[in-house]
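Now for the letters of each chain:
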Amino acid sequence: MNKKYVKVTVEIDENGKIKPLTIDFDGKIFNIDKVLDCRPAVSMKVGGLGDRYTVRICRHETYLFNERNKWFVEEK
């Protein structure tokens, strides 16, 4: 597995809470249907420490990481 940095469109509310809306993965845009969870975590597969978002995209759950304002996914 590799760490794949991606572009993410986010919404930030008046309290500073970040909600990811879309992921741009190699030019293909994926809409995030729902954010299921957000917590500080380590990517055990590719390394990296930050906030781990559990998101649902087209009925599939995946992790999206925010590491010092750089977003990545665990690429298979």
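One can find the structure itself at the top, above this paragraph.
This report concerns the structure included in the present document. Bear in mind that the values here come from a model prediction, so they are computed numbers and not experimental data. (Residues numbered from 1 in each chain as written. Predicted model: local features only at pLDDT ≥ 70, side-chain atom pairs only at ≥ 80, totals over all residues. Heavy atoms only, no water.)

### Here's the deal with the nonpolar core
Of all hydrophobic cores here, the largest spans ten residues; its members are Val6, Val8, Ile23, Ile32, Tyr53, Val55, Ile57, Leu64, Trp71 and Val73. Every element with two or more residues in this core is listed here: strand E6 (49-57) and strand E8 (70-75). In terms of residues, this core owes the most to one element, E6, which gives three residues. Those residues in contact with Trp71, other than ones at most four positions away along the chain, are Lys4, Tyr5, Val6, Val8, Val10, Ile18, Pro20, Tyr53, Leu64, Phe65 and Asn66. (Core = buried A, V, L, I, M, F, W, Y, C linked by side-chain atoms within 4.5 Å. Buried < 20%, exposed > 50% of the residue type's maximum accessible area, 1.4 Å probe, protein only. Helix = DSSP H or I, 4+ residues; strand = E, 2+ residues; numbered from the N terminus. Contact = heavy atoms within 4.5 Å.)

### Points about the sheet that holds strand E4 (residues 28-31)
The strand order across the open sheet formed by three strands is E2-E3-E4, and the pairing between neighbours is antiparallel. At either margin of the open sheet sits one strand with a lone partner, and together these are strand E2 (7-12) and E4. The sheet shows a mean angle of 25° between the axes of neighbouring strands, taken without regard to direction. Alignment of strand E3 (residues 18-25) against E4, held across four bridges, turns out to be antiparallel. Among the inter-strand pairings, Phe25 is bridged to a residue of E4, identified as Lys28. (Pairing = 2+ DSSP bridges. Axes fitted to C-alpha atoms, helices over the stretch in contact; angles between N-to-C directions.)

### Structural notes on the packing of aromatic side chains
Per the counting criterion, the structure on display carries four aromatic pairs. Centroid distance Tyr53 to Trp71: 5.4 Å. Interplanar angle 45°. Geometry classified as tilted. In this pair, Tyr53 is assigned in strand E6 and Trp71 in strand E8, connecting sequence segments 18 residues apart. Between the aromatic rings of Phe65 and Phe72, the centroid separation amounts to 4.8 Å while the plane-to-plane angle is 10°, which identifies the pairing as stacked. Taken together through their ring pairs, the aromatic side chains of Tyr5, Tyr63, Phe65 and Phe72 make up a single cluster. Sitting above the plane of the Phe72 ring, Lys3 keeps its charged end 4.7 Å from the centroid. Note that Lys70 overlies the ring of Tyr5, its terminal NZ or CZ placed 4.5 Å from the centroid. (Phe/Tyr/Trp six-rings, centres within 6.5 Å; stacked < 30°, edge-to-face > 60°. Lys NZ or Arg CZ within 6 Å of the ring centre and 35° of its normal.)

### Digging into the layout of surface pockets
When its volume is computed, the largest pocket comes out at roughly 480 Å³. Considering the residues around the largest pocket, the lining is formed by 15 residues, among which Thr62, Tyr63, Val73, Glu74 and Lys76 are closest to the centre. Looking at the lining of the largest pocket, the elements with two or more residues in it are E3, strand E7 (60-67) and E8. Here the lining of the largest pocket takes four residues from E7, the largest share from any one element. (1 Å grid on protein atoms, 1.4 Å probe; cavity = no way out; pocket = protein on both sides within 12 Å on 5 of 7 lines; lining within 4 Å. Points joined across faces, edges and corners; volume = space filled by probe spheres on them.)

The quantities given are spatial measurements derived from coordinates; they are silent on function.
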